[in-house]
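# Structural characterization, general
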Amino acid sequence: MRRVLAGAATVALGFSLGGAWTARADNRPAPKGPDEDGTKPALVKIAGEGMMDSHAFQYLTELSDDIGSRVTGTPAERKAEEWGLAKMKASWLDNVHT
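Note that this is a predicted model, so its numbers are computed, not measured.

## Observations concerning unusual backbone geometry
Located in the positive-phi region is Trp92, a residue other than glycine, with phi close to 65 degrees. For Trp92, the position within the fold is in the segment after α5 (75-90). A residue is classified by how much of its surface remains accessible, and Trp92, at 75% relative accessible area, is exposed.

The structure is reproduced here in structure tokens:
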């Protein structure tokens, strides 16, 4: 009985994996990537600006050094929530709440 079940599982796995290498059922072409569709220059610009004008390291430093560890239910967790709310509101986000 185990051999029958193992064989059926192998066949089912083969069918499910086989579908990954076949053509799309609706015969639509695969979507184009950024090199083909012309979006790569815009993506490179966005990524570059994110690296140059990002506040991520500053935020990480504030969370790590000023607030410290944030165990659930502790005053430090509440302080981190308040810090996050203030940062998001300072970034002109409208619907900010905990």
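On we go from here.
## A word on the packing of helix α4 (residues 56-67) against α5
Packing of α4 against α5 brings their axes to within 11 Å, and their N-to-C directions diverge by 155 degrees. When the axes of α4 and α5 are compared, the pair comes out roughly antiparallel. Of the two elements, α4 crosses α5, and the hand of that crossing is right-handed. Here Gln58, Tyr59, Glu62, Leu63, Asp66 and Ile67 of α4 lie close against α5, whose contacting residues are Ala76, Lys79, Ala80, Trp83 and Lys87. Along the lines of polarity and charge, the residues of the contact of α4 with α5 split into 6 nonpolar, 1 polar and 4 charged.

## Considering the side chain of Glu62
Along the chain, Glu62 turns up in helix α4. Exposure remark for Glu62: the relative accessible area of 15% places this residue in the buried category. Of note is the side chain of Glu62, whose polar atom sits 2.7 Å from the side chain of Trp83. A distance of 3.2 Å separates polar atoms of two side chains, one belonging to Glu62 and the other to Lys87. Dropping the residues within four chain positions of it, Glu62 is found in contact with Ile67, Trp83 and Lys87.

## Comments concerning the packing of aromatic side chains
Scanning the model with the defined rule gives 1 aromatic pair in all. Here Tyr59 and Trp83 contribute two aromatic rings whose centre-to-centre distance is 5.7 Å and whose plane-to-plane angle is 85 degrees, an arrangement assigned as edge-to-face. Taken together, the positions of Tyr59 in helix α4 and Trp83 in helix α5 put the pair 24 residues apart, joining distant regions of the chain. Accessibility expressed as a relative area gives 27% for Tyr59, which makes it partly exposed.

What counts as what
- Residues numbered from 1 in each chain as written.
- Predicted model: local features only at pLDDT ≥ 70, side-chain atom pairs only at ≥ 80, totals over all residues.
- Heavy atoms only, no water.
- Helix = DSSP H or I, 4+ residues; strand = E, 2+ residues; numbered from the N terminus.
- Buried < 20%, exposed > 50% of the residue type's maximum accessible area, 1.4 Å probe, protein only.
- Axes fitted to C-alpha atoms, helices over the stretch in contact; angles between N-to-C directions.
- Parallel < 35°, antiparallel > 145°, perpendicular 65-115°, else oblique.
- Left-handed = near helix turned anticlockwise from the far one by under 90°.
- Contact = heavy atoms within 4.5 Å.
- Nonpolar A, V, L, I, M, F, W, Y, C, P; charged D, E, K, R; others polar.
- Polar contact = N/O pair within 3.5 Å; in protein donor to acceptor, adjacent residues only side chain to side chain.
- Phe/Tyr/Trp six-rings, centres within 6.5 Å; stacked < 30°, edge-to-face > 60°.

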